[in-house]
Amino acid sequence: MSNWERLVWNQREVLLKGFLVTVEICLIAFAIAVVGGMLLCLVRLYVKPLKPLAVLLIEFFRATPIFVQLMWVAYVWPEIFGWPGTFFAAGCVALGVQSSGYLAETFRAGIEAIPRGHREAGYSVGMSPPQVFRRIVLPQTLLASAPSIVNQFTVIVKSSTLVSVITVQDLMFQALKLVTVWYEPIEILTVTAGIYIGFVFLVSLAGKTLADRLRLRYGLAAA
Amino acid sequence: MHVESGVDAVPAIRVVDLHKRFGTLDVLRGVSFDVRRGDVVSMIGASGSGKSTLLRCINRLETPSSGEVYIDGEPMGHRGQGDAKARSLAEINMMRRDLGMVFQQFNLWPHMTVLGNVIEAPIRVRGMSRREATALGEECLARVHLEEKSKEYPARLSGGQQQRVAIARALAMRPKAMLFDEPTSSLDPELTDEVLVVMRELAADGTTMIVVTHEMGFAREASDRVLFLHNGLIEEEGPPSQVFGAPKSERCRQFLSKHVQ
Amino acid sequence: MVSDALAEALDLTTFWEYREVLLRGLAFNVYTFLAAATVSIAIGLAAALLRVNRLRPLRWAGTVHVELFRNAPDYIMVVWVHFVLPLLLGKLLGSRIEFDPFVSAVIALGFVYSGYFAETFRTGIQAIPLGHLEAARACGMSERQILWRITLPQVVRRMLPEAVNIFVSQFKATTIISLIAVPDLMYRVGMVLQQEMKPLPLYTGAALTYFIVVYLFAGTVRALSERWRNRIYA
Ligand SMILES: Nc1ncnc2c1ncn2[C@@H]1O[C@H](COP(=O)(O)OP(=O)(O)O)[C@@H](O)[C@H]1O
Ligand SMILES: [Mg+2]
């Protein structure tokens, strides 16, 4: 009992600090993933001359293991591009970029699943192509992809444990540090695993609830 | 503006020698006809005869290979009045607003409420205020007897109700004419009537309409003129009494014998 | 400046010099993957059978298994299995136990991905029309025969595309085992790095190698599984 108190309860502030860093990284990476994924998808679908580049990037991001990509972004990108300047930024970018590859494909499936008639209905009431995209195609795509988007967030959370390797002080980093200080891994690592599993569980539960709601309300199939 | 001898001298829609080719397939091979203001024209014909393509060429969801469509005397494809320059997409968009289109597959936007579907274009395209558009939208929904469904999402409606919303959506642009492409063909038989009732009311109100349909009862009773399309040409044309009573073309007679009980 | 760095990153001679060492590292990724995938399939199938069991407590156990492992990050599980599990087992057995890093990696990745396999198996099992099972019962087949002869062959066909996706993720996940000192490709890249101090070509080489391997692996497995599916069930 005293072990739990000494190693976990008394360290709660450190663990909380780490958890907040985890959440921060995941949110930034998620934003990068959604915006980047949409950009890649749009380029792939609508910018003919750049399509091969977009496909290559999407495939590369998807096929490269996140740990390898993380090291690559953290140690190679700054030399080549002069950016990202911090390991924190590198972590966000690596996580975001990997998920953007997956989301690009999700968005593409979403866009291609919209019946042509929905667009034509827009043109027939005089909407311009940008209006049709913004008001009809984009919202439907995002709605249909919502469950996959949430799921991608859980992937980001799981992968985010690896940023501890490049010394970003997230929950995993703090837990491992406590282990090296006290050399008593049982309680700390079990609680940390529990926090991650609980967090991911809650996010996917929210995702499932959201998906059911959307299906009921808009009659959309899950993408 | 030059002076015409009367309002009705200019047809609401004039189609002149329209051709449409998909690759090597000649789908429309020279179609011409007029629709006067307030007229209801029913278009019948076998599947694949080019009816949908014709409607889609009229509001330029497809670009005709040659020929021209005039809306109230204004050519759709070029600037008119001696200016042969093709219209830009923006100009075509502008003219499209004058033609309401109702599709076989309703094509309601699932992420917007019923009212949202109806007021989308008045707000975004006509630039109406939300308040104005809502009033207009409710009026249009009332015309299709669905005012109580305005807050529902399309997925909650029956097919017949969805199609009536689609009609309201087209009406909300206050179009000069309405184009219907088999509006009841994807509905269960017991749901077609509620849509046909609405269409008959529109016809009685003096709405200019082109209706592609397999509902021979509607074509016979509600239209002023009937066109029978075959292989991309108008094979038979006239008032319903003539087309249904004494068709001149053998093909038209065969078609009718199959479709009229 | 930029092009210098780029040229250095793409100059893979250093990477090539160490190809033998690195390739042997890649072999560890493959071994780990093969062992872990076997564990995943076996445990995933067991968990799926629990989840479709008639007895509520067993169903419940199956659900806990799935939710626990599907929501767990790979890395924390690898670390937990390597550092915590031996201690717990040691306390239980009253002796000192240590896991070889390779064993830890296989257990951790095997269990984590069994959660995904369980869900895929379950969906496949539940998609089978009841009539097929009733027909088999009517022929007098035992429940065990029905499972192996009627249910699983259909399940495998249905779940194959999804299973390929899980395999690909699982293979990619094997890169983190370097963090508990399994001498895989990434681990050896780290070692070479200490001698050569050339992170640019080494990490770029690693990224490209994994990209090509994963890309080819995914393509091949997809093609093979398609062929197999078509041959058996055409
Ligand atoms: N976008 C298109 N590309 C190629 N062929 C088309 C296209 N649209 C229609 N067609 C062809 O044109 C012919 C007429 O089609 P359609 O106008 O839809 O006939 P209807 O509406 O009378 O059934 C059909 O043979 C059809 O296959
Ligand atoms: Mg048609």
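What counts as what
Residue numbering note: each chain is counted from 1, following its sequence as written. For naming, the first written chain is A and the first written ligand is 1, with later ones following in the order written. Whole-chain, interface and lining totals are the exception, using all residues; otherwise, since this is a predicted model, local features are given only for residues with pLDDT of at least 70 and side-chain atom pairs are given and counted only at 80 or more. Hydrogens and water molecules were not included; the side-chain quantities draw on all heavy atoms of the structure. Per the convention used, a helix needs a DSSP run of H or I reaching at least four residues, while a strand needs a run of E reaching at least two, with both numbered from the N terminus. Exposure classes here rest on a 1.4 Å probe applied to the protein chains alone. A residue is buried below 20% of its type maximum, exposed above 50%, and partly exposed in between. Accessible surface area values rest on a Shrake-Rupley calculation with a 1.4 Å probe, where residue burial reflects the displayed protein chains alone. Only the C-alpha atoms count toward the radius of gyration. The rule for a globule is 2.2 Å times the residue count to the power 0.38. Contacts are residue-level and defined by heavy atoms, with any inter-residue pair within 4.5 Å sufficient. We score Asp and Glu as negative and Lys and Arg as positive, and we do not count His or the chain ends. Where a charge sits is defined by one atom per residue type, namely NZ (Lys), CZ (Arg), CG (Asp) or CD (Glu). Here the quantity called buried area is the accessible surface, traced with a 1.4 Å probe, that two parts lose on coming together, added over both. Salt bridges are identified by distance alone: a Lys or Arg side-chain nitrogen within 4 Å of an Asp or Glu carboxyl oxygen. Polar contact is the term for a pair of N or O atoms within 3.5 Å; when the atoms are in protein, one must be able to donate a hydrogen and the other to accept it, and sequence-neighboring residues count only if both atoms are side-chain atoms. A fitted line through C-alpha atoms represents every axis, and for helices the fit uses only the stretch in contact; the resulting angles, taken between N-to-C directions, go from 0 to 180 degrees. An angle counts as roughly parallel when it lies under 35 degrees, as roughly antiparallel when it exceeds 145, as roughly perpendicular when it falls between 65 and 115, and as oblique in every other case. Helix crossings get a hand from a simple test, with the near helix turned counterclockwise from the far one by less than a right angle marking a left-handed crossing and a clockwise turn marking a right-handed one. Gly counts as polar in this scheme, as do all residues outside two lists: the nonpolar Ala, Val, Leu, Ile, Met, Phe, Trp, Tyr, Cys and Pro, and the charged Asp, Glu, Lys and Arg. Proximity criterion: a residue is near a molecule or strand once any of its heavy atoms comes within 4 Å of it. A pair of Phe, Tyr and Trp rings is counted when the ring centres sit within 6.5 Å of each other, with Trp represented by its six-membered ring. The angle between the planes then sorts it: under 30 degrees is stacked, over 60 is edge-to-face, the rest tilted. Only when the NZ atom of a Lys or the CZ atom of an Arg is both within 6 Å of the ring centre and within 35 degrees of the ring normal do we say a charge sits over the ring. Each patch is built from residues lacking any salt bridge and having more than 30% relative accessible area; the joining distance is 9 Å for like charges and 5 Å for nonpolar side chains (Val, Leu, Ile, Met, Phe, Trp, Tyr). Residues enter a nonpolar core if they are buried and are Ala, Val, Leu, Ile, Met, Phe, Trp, Tyr or Cys, with the set joined through side-chain atoms within 4.5 Å. Paired strands are those between which DSSP finds at least two bridges.

Caption draft 1: Summary view of the overall build of chain A. Each helix and strand in chain A was counted, giving 10 helices and 0 strands. Starting at the N terminus and ending at the C terminus, chain A contains elements arranged as α-α-α-α-α-α-α-α-α-α. When each of the 223 residues of chain A is scored for burial, the buried share is 55%. Accessible surface computed for chain A: about 9600 Å², of which carbon and sulfur atoms make up 68%.

Caption draft 2: The overall build of chain B, seen in detail. Regarding its fold elements, chain B presents 9 helices and 12 strands. The C-alpha atoms of chain B give 18 Å as radius of gyration, which agrees with the globular expectation for 261 residues (18 Å, within 12%). Projecting the C-alpha coordinates of chain B onto the three principal axes gives extents of approximately 50 × 50 × 40 Å. A total of 261 residues make up chain B; the buried ones form 54% of that total. Long-range pairs, those at least 24 residues apart, make up 64% of the contacts in chain B between residues at least 6 apart in sequence. A total accessible area of about 11600 Å² is found for chain B, and carbon and sulfur atoms account for 47% of it. Computed over 33 positive and 35 negative side-chain charges, the separation of the two mean positions in chain B equals 4 Å.

Caption draft 3: Region of the structure containing unusual backbone geometry. Backbone torsion omega between A:Trp83 and A:Pro84 reads 0 degrees, so that peptide bond is classified as cis. Residue placement: A:Pro84 occurs in the loop between helix H5 (77–81) and helix H6 (87–113). Although it is not a glycine, B:Asp17 sits at a positive phi angle of roughly 50 degrees. As for its position among the elements, B:Asp17 is in strand S1 (residues 13–22).

Caption draft 4: Summary view of the interface of chain A and chain C. At the junction of the two partners, chain A supplies 35 residues and chain C supplies 37 residues. For the pair chain A and chain C, the summed buried area comes to about 3300 Å², and 79% of that belongs to carbon and sulfur atoms. Inspection of the chain A/chain C interface yields 0 salt bridges. Viewed at the interface, chain C and chain A are joined by 7 residue pairs in polar contact (both at pLDDT 80 or more). Listing elements by their share of the side of chain A that touches chain C, those giving two or more residues are helix H3 (51–63), helix H4 (66–75), H5, H6, helix H9 (171–182) and helix H10 (185–218) of chain A.

Caption draft 5: Local environment of the packing of helix H2 (residues 12–46) of chain A against helix H8 (residues 129–160) of chain A. All names here are of chain A. For the pair H2 and H8, the least separation of the axes is 10 Å and the interaxial angle reads 135 degrees. With respect to H8, the element H2 is oriented oblique. Two packed elements cross with a definite hand, and for H2 against H8 that hand is right-handed. Here H2 contributes Thr22, Cys26, Leu27, Ala29, Phe30, Ala33, Val34, Met38, Leu42 and Tyr46 to the contact with H8, which in turn contributes Phe133, Leu138, Leu142, Ile149, Phe153, Ile156, Val157 and Ser160. A breakdown of the residues in the contact of H2 with H8 according to their chemical character gives 16 nonpolar, 2 polar and no charged.

Caption draft 6: Representation of the site of ligand 1. Residues and elements named next belong to chain B. Taken together, the residues surrounding ligand 1 are Phe22, Leu25, Val27, Ala46, Ser47, Gly48, Ser49, Gly50, Lys51, Ser52 and Thr53. Lys51 is positioned with one of its backbone polar atoms (N or O) 2.9 Å from an oxygen atom of ligand 1. Notes on ligand 1: free accessible area 550 Å², of which the protein chains cover 61%. Examining the composition of the shell around ligand 1, we find that 3 residues originate from one element, helix H1 (residues 51–58), more than from any other. A per-class count over the shell around ligand 1 returns 4 nonpolar, 6 polar and 1 charged.

Caption draft 7: View of the packing of aromatic side chains. In the structure shown here, the tally under the stated rule is 22 aromatic pairs over all chains. Aromatic side chains A:Tyr75 and C:Tyr203 sit 5.5 Å apart centroid to centroid with 15 degrees between the ring planes, which places their arrangement in the stacked category. Taken together, the positions of A:Tyr75 in helix H4 and C:Tyr203 in helix H11 (residues 199–233) put the pair across two chains. The cationic tip of A:Arg62 hangs over the ring face of A:Tyr102; the distance from NZ or CZ to the ring centre is 5.5 Å. Sitting over the face of the ring of B:Trp109, B:Arg169 holds its NZ or CZ atom 4.3 Å from the ring centroid.

Caption draft 8: Quick look at the interface of chain A and chain B. Taken together, the 24 residues of chain A in the interface contact 25 residues of chain B. Its largest share of buried area at the contact with chain B, chain A owes to A:Ser124, A:Val125 and A:Arg135, together 27% of the area lost on that side. Taken together, the links from chain A to chain B amount to 2 salt bridges. A salt bridge links B:Arg56 to A:Glu120, with the nearest nitrogen and oxygen atoms 2.6 Å apart. Residue assignment for the side of chain A that touches chain B shows that the elements contributing at least two residues are helix H7 (116–124), H8 and H10 of chain A. With 8 residues, H7(A) is the single largest residue contributor to the side of chain A that touches chain B. Within the side of chain A that touches chain B, the residues separate by chemical class into 11 nonpolar, 9 polar and 4 charged.

Caption draft 9: A negative patch on the surface, seen in detail. A cluster of like negative charges, contributed by A:Glu79, C:Asp4, C:Glu8 and C:Asp11, occupies part of the molecular surface. Using a relative accessible area of 56% as the deciding quantity, one classes C:Asp4 as exposed.

Caption draft 10: Local environment of the arrangement of the chains. Looking at the 2 pairs of chains with contacts, the pair that accumulates the most is chains A and C. Here chain B and chain C are not in contact; the least distance found between their C-alpha atoms is 26 Å.

Caption draft 11: Molecular detail of the environment of B:Gln162. Residue and element names in this part refer to chain B. Take Gln162: it is sitting in helix H5 (residues 159–171). With relative accessibility at 17%, the residue Gln162 sits in the buried group. Here the alpha-carbon distance between Gln162 and Asp26, two residues 136 residues apart in the chain, equals 34 Å. If sequence neighbours within four positions are ignored, Gln162 has contacts with Phe106, Leu108, Pro154 and Leu157. Separated by 3.3 Å, the side chain of Gln162 and the backbone oxygen of Leu157 make a polar contact.

Caption draft 12: Structural context of the nonpolar core. Counting residues in each nonpolar core, the largest one holds 165 residues, and the members touching the most others are B:Ile13, B:Phe33, B:Leu54, B:Ile58 and B:Ile210. Take this core: its biggest share by element is 12 residues, from helix H9 (residues 143–173) of chain C. By size, the runner-up hydrophobic cluster in this structure holds 37 residues, among which are B:Val114, B:Leu171, B:Leu196 and B:Leu202.

Caption draft 13: Just the sheet that holds strand S2 (residues 25–35) of chain B, in detail. Spatial ordering of the open sheet is given by S2-S1-S4-S5 (chain B), a layout of 4 strands whose pairing is antiparallel. One side of each edge strand has no neighbouring strand; the edge strands of this open sheet are S2 and strand S5 (74–75) of chain B.

Caption draft 14: Inspection of the sheet that holds strand S8 (residues 99–102) of chain B at higher detail. All names here are of chain B. Strand order in the open sheet formed by 6 strands is S8-S9-S10-S3-S11-S12, with mixed pairing between adjacent strands. What marks the edges here is a single partner per strand, and that holds for S8 and strand S12 (233–238). With strand direction ignored, the average angle separating the axes of adjacent strands in the sheet is 20 degrees. Sheet analysis places strand S3 (residues 40–44) next to strand S11 (residues 225–230), joined by 4 bridges and oriented parallel. If you follow Met43 over to S11, its bridge partner there is Leu227. Sheet strands in contact with H1 are S3, S8, strand S9 (177–181), strand S10 (209–212) and S11, and its direction is about 150 degrees off that of S9. Together, S8 and S9 form the strand contacts of H5, whose direction differs from that of S8 by roughly 170 degrees.

Caption draft 15: Region of the structure containing the side chain of A:Ser164. Mapped onto the fold, A:Ser164 is located in the loop between H8 and H9. Dropping the residues within four chain positions of it, A:Ser164 is found in contact with A:Asp170, A:Met172, A:Phe173, A:Leu176 and C:Tyr75.

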